[in-house]
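One letter stands for each residue in the lines below.
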Amino acid sequence: MIALAPWHHDFPGLLAGSVYSATDSRVAAAQTLADTGLDVHVDVMAVSEGLPAGVSLAELQMISTAVDRQKIGVHLIGSADFVDAVLPKILALHPGAVFLPWQAFTSERAHAIRAAGGSAWIAVWREWDGLADPQWPAEPDGVLVMLIEPGTKDRCGLERLSLVTACTTRSELPVAVDGGVTEEIAPL
């Protein structure tokens, strides 16, 4: 059994857990998260683009057989070409949500995600400053605000929280945050 930080109980229904940094089995980590009532966040990255290894497609397949697929959110980190290469394999697993990078978020890809039974979320890093109304490249079902650079294990940039506020005030879309959320940062 994987131990979870006890503070997750303070935010019922508001947290998902990432298996990215699991030191042992990512499948066991996903099962523990789901058994605790948390959604499971899975990063699938383009290793060839200089990013560290995320969850492999084989691991994602095992996770999707061990956990209710509607509780799985898959974050694709890489170029539009990478997204095109892996998206059909991801959609065959029917995750509950797929988070696409801004540059790969198109109405065609969003439609494919929805047709596979998932929701299509756009991941935002530096593509929108939060000052004007967002001009999404296509209509997302939600927004994932990155608090750290996608694919890294940096510490959360607190200045990024202003983008979370902008998303919640300039859009009716649900907003999630990713990267470096700790017990101290979660309440913010």
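Bear in mind that the values here come from a model prediction, so they are computed numbers and not experimental data.

(A) Local environment of the environment of glutamate 183. For glutamate 183, the position within the fold is in the segment after strand E7 (175-178). The spatial distance from the C-alpha of glutamate 183 to the C-alpha of histidine 8 is 8.0 Å, given a sequence separation of 175 residues.

(B) Representation of unusual backbone geometry within the structure. A positive phi angle, close to 55°, is found at histidine 94, a residue other than glycine. Counting through the fold element by element, histidine 94 comes out in the loop between helix H3 (80-91) and strand E4 (97-101).

(C) Expanded view of the pairing of strand E2 (residues 39-45). E2 sits mainly inside the fold: six of its seven residues count as buried. Relative to E2, strand E1 (residues 16-18) is paired through three bridges, and the arrangement is parallel. Bridge pairing in E2 places glycine 17 opposite valine 40. With six bridges joining them, E2 and strand E3 (residues 72-77) adopt parallel strand pairing. When the sheet's bridge partners are listed, valine 40 is paired in E3 with isoleucine 72.

(D) Region of interest: the nonpolar core. Ranked by size, the top nonpolar core spans 50 residues in total, and within it Val19, Val42, Leu60, Ile63 and Leu76 carry the most contacts. Broken down by element, this core gets its largest block of residues, six residues, from H3. Ignoring any residue separated from it by four or fewer positions in sequence, one finds leucine 76 in contact with Val44, Phe82, Val83, Val86, Leu87, Ile90, Val98, Phe99, Leu100 and Pro101. By size, the runner-up hydrophobic cluster in this structure holds seven residues, among which are Trp121, Ala123, Leu144 and Met146.

(E) View of the side chain of histidine 8. Within the fold, histidine 8 resides in the segment before E1. With residues up to four places along the chain from it excluded, the contact list for histidine 8 reads Leu15, Thr36 and Leu38.

(F) Seen up close, the sheet that holds E4. Pairing is parallel across the open sheet formed by seven strands, whose spatial order is E1-E2-E3-E4-E5-E6-E7. The outermost strands of the open sheet, each flanked by one partner alone, are E1 and E7. This sheet shows a mean twist of 25° between the axes of neighbouring strands, independent of strand direction. Against the sheet, H3 contacts E2, E3 and E4, and its axis sits at roughly 165° relative to E3. The strands touched by helix H4 (residues 107-115) are E4 and strand E5 (119-124); relative to E5, the strand with the most contacts, the crossing angle is about 135°.

Each value, and the rule that gives it
- Residues numbered from 1 in each chain as written.
- Predicted model: local features only at pLDDT ≥ 70, side-chain atom pairs only at ≥ 80, totals over all residues.
- Heavy atoms only, no water.
- Helix = DSSP H or I, 4+ residues; strand = E, 2+ residues; numbered from the N terminus.
- Buried < 20%, exposed > 50% of the residue type's maximum accessible area, 1.4 Å probe, protein only.
- Pairing = 2+ DSSP bridges.
- Core = buried A, V, L, I, M, F, W, Y, C linked by side-chain atoms within 4.5 Å.
- Contact = heavy atoms within 4.5 Å.
- Axes fitted to C-alpha atoms, helices over the stretch in contact; angles between N-to-C directions.

Without other data, these values stay purely geometric and don't point to any function.
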